[in-house]
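# Report on the structure
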Amino acid sequence: MSKDSKKIPKLFSGSLDDLTKPGKRTEEKKDLKSEKKQKTLYISLDTNRKLIELYGEEGRRQSKIVEDAVDLYYYLKRALGERKFDELMEVIKREDVEALREYLTEKFKV
């Protein structure tokens, strides 16, 4: 039997109190955590830089779209006058493309 006991390792040879005690922290775990954190931060900085560039481009594009929309709104309001502009906005609010097309061809024959 002594040969068999040497082949099969014992999983636990302590008392139940040893099972319930918190494990000791080793320096190896701390080093691995800090190393992982450093790698993550390095990757994150690179990724963040790329994301900032993308968001910057998208922000400039969106800003230009909004600027054009605001310009169009005010130029139309000035060109059409208050009453006709309000009429046009009512047709636009219906969100019916065909109704808008009919309104524009009826009112603004080119």
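Quick notes on the rules
Numbering of residues starts from 1 in each chain and follows the order in which that chain's sequence is written. Only residues with pLDDT of 70 or above have their local features reported here, since the model is predicted, and side-chain atom pairs are shown and tallied only from 80 upward, although totals for entire chains, interfaces and linings are computed over all residues. Only hydrogens and water are removed before side-chain values are computed, so all heavy atoms of the structure are retained for them. Each helix is a run of H or I in the DSSP string that is no shorter than four residues. Each strand is a run of E no shorter than two, and both are numbered from the N terminus. Burial status follows relative accessibility: with a 1.4 Å probe on protein chains alone, a residue under 20% of its type maximum counts as buried, one over 50% as exposed, and anything between as partly exposed. With residues, only the protein chains shown are counted as cover, and all accessible areas are computed by Shrake-Rupley using a 1.4 Å probe. Note: pLDDT gives the predictor's confidence per residue, expressed from 0 to 100. We call a set of buried Ala, Val, Leu, Ile, Met, Phe, Trp, Tyr and Cys residues a nonpolar core when their side-chain atoms join them within 4.5 Å. Residue contacts are defined here by distance: any two heavy atoms, one from each residue, within 4.5 Å place the two residues in contact. Stacked, tilted and edge-to-face pairs are distinguished by plane angle, under 30 degrees for stacked and over 60 for edge-to-face with tilted covering the rest, among Phe, Tyr and Trp rings (Trp via its six-membered ring) whose centres lie within 6.5 Å. What counts as a salt bridge is simple: a side-chain nitrogen of Lys or Arg found within 4 Å of a carboxyl oxygen of Asp or Glu. Fitted lines through C-alpha atoms serve as axes, helices being fitted only where they are in contact, and the angles separating the N-to-C directions of these axes extend from 0 to 180 degrees. For classification purposes, angles smaller than 35 degrees are called roughly parallel, those larger than 145 roughly antiparallel, those between 65 and 115 roughly perpendicular, and all remaining angles oblique. When the near helix sits turned anticlockwise from the far one by under a right angle, the crossing is termed left-handed; a clockwise turn instead gives a right-handed crossing. Residues are grouped as follows: nonpolar covers Ala, Val, Leu, Ile, Met, Phe, Trp, Tyr, Cys and Pro; charged covers Asp, Glu, Lys and Arg; every other residue, Gly included, is treated as polar.

A word on the overall build of the chain. A count of helices and strands for the chain gives 5 helices and 0 strands. When the helices and strands of the chain are placed in sequence order, the string is α-α-α-α-α. In the chain, buried positions account for 5% of the 110 residues. A total of about 11,000 Å² of accessible surface is found on the chain, and carbon and sulfur atoms cover 57% of it.

Time to look at the confidence of the model for the chain. Model confidence for the chain is summarised by a mean pLDDT of 77, while 60% of its residues fall at 70 or above. Model confidence for the chain, summarised as mean pLDDT per element, is weakest for helix α1 (residues 2–7) at 54 and strongest for helix α4 (residues 82–93) at 91.

Glancing now at the nonpolar core. In terms of nonpolar packing, the biggest core is built from 5 residues, these being Leu 80, Phe 85, Leu 88, Val 91 and Tyr 103. In terms of residues, this core owes the most to one element, α4, which gives 3 residues. Leu 88 has contacts with Leu 76, Leu 80, Leu 100, Tyr 103 and Leu 104, leaving out every residue within four places of it along the chain.

For any two aromatic rings, the description comes down to two numbers: the centre-to-centre distance and the angle of the planes. Enumeration over the complete set of coordinates arrives at 2 aromatic pairs. Seen in terms of ring centroids, Tyr 73 and Tyr 74 are 5.1 Å apart; in terms of plane orientation they differ by 85°. Their pairing is edge-to-face. The class for Tyr 73 is partly exposed, based on a relative accessible area of 33%. Aromatic rings pair up to connect Tyr 73, Tyr 74 and Phe 85 into one cluster.

The next thing to look at is the pattern of salt bridges. This model, assessed by the stated rule, comprises 6 salt bridges. For the salt bridge of Asp 68 with Lys 64, the shortest nitrogen-to-oxygen distance reads 3.7 Å. In this pair, Asp 68 and Lys 64 are both assigned in helix α3 (residues 27–80), 4 residues apart and thus about one turn of the helix distant. Using a relative accessible area of 39% as the deciding quantity, one classes Asp 68 as partly exposed. The closest approach of N and O atoms between Glu 87 and Arg 83, which form a salt bridge, is 3.5 Å. One end of the pair is Glu 87 and the other is Arg 83, both in helix α4 and 4 residues apart, which spans about a single turn. Overall, the relative accessible area of 28% leaves Glu 87 in the partly exposed class.

Look at α4 against helix α5 (residues 97–107): their axes get within 9 Å of each other, and the N-to-C directions meet at 155°. When the axes of α4 and α5 are compared, the pair comes out roughly antiparallel. Note on packing geometry: the crossing formed by α4 with α5 is right-handed. Residue-level contacts link Lys 84, Glu 87, Leu 88, Val 91 and Ile 92 of α4 to Ala 99, Leu 100, Tyr 103, Leu 104 and Lys 107 of α5. Grouping the constituent residues of the contact of α4 with α5 by class yields 7 nonpolar, no polar and 3 charged.

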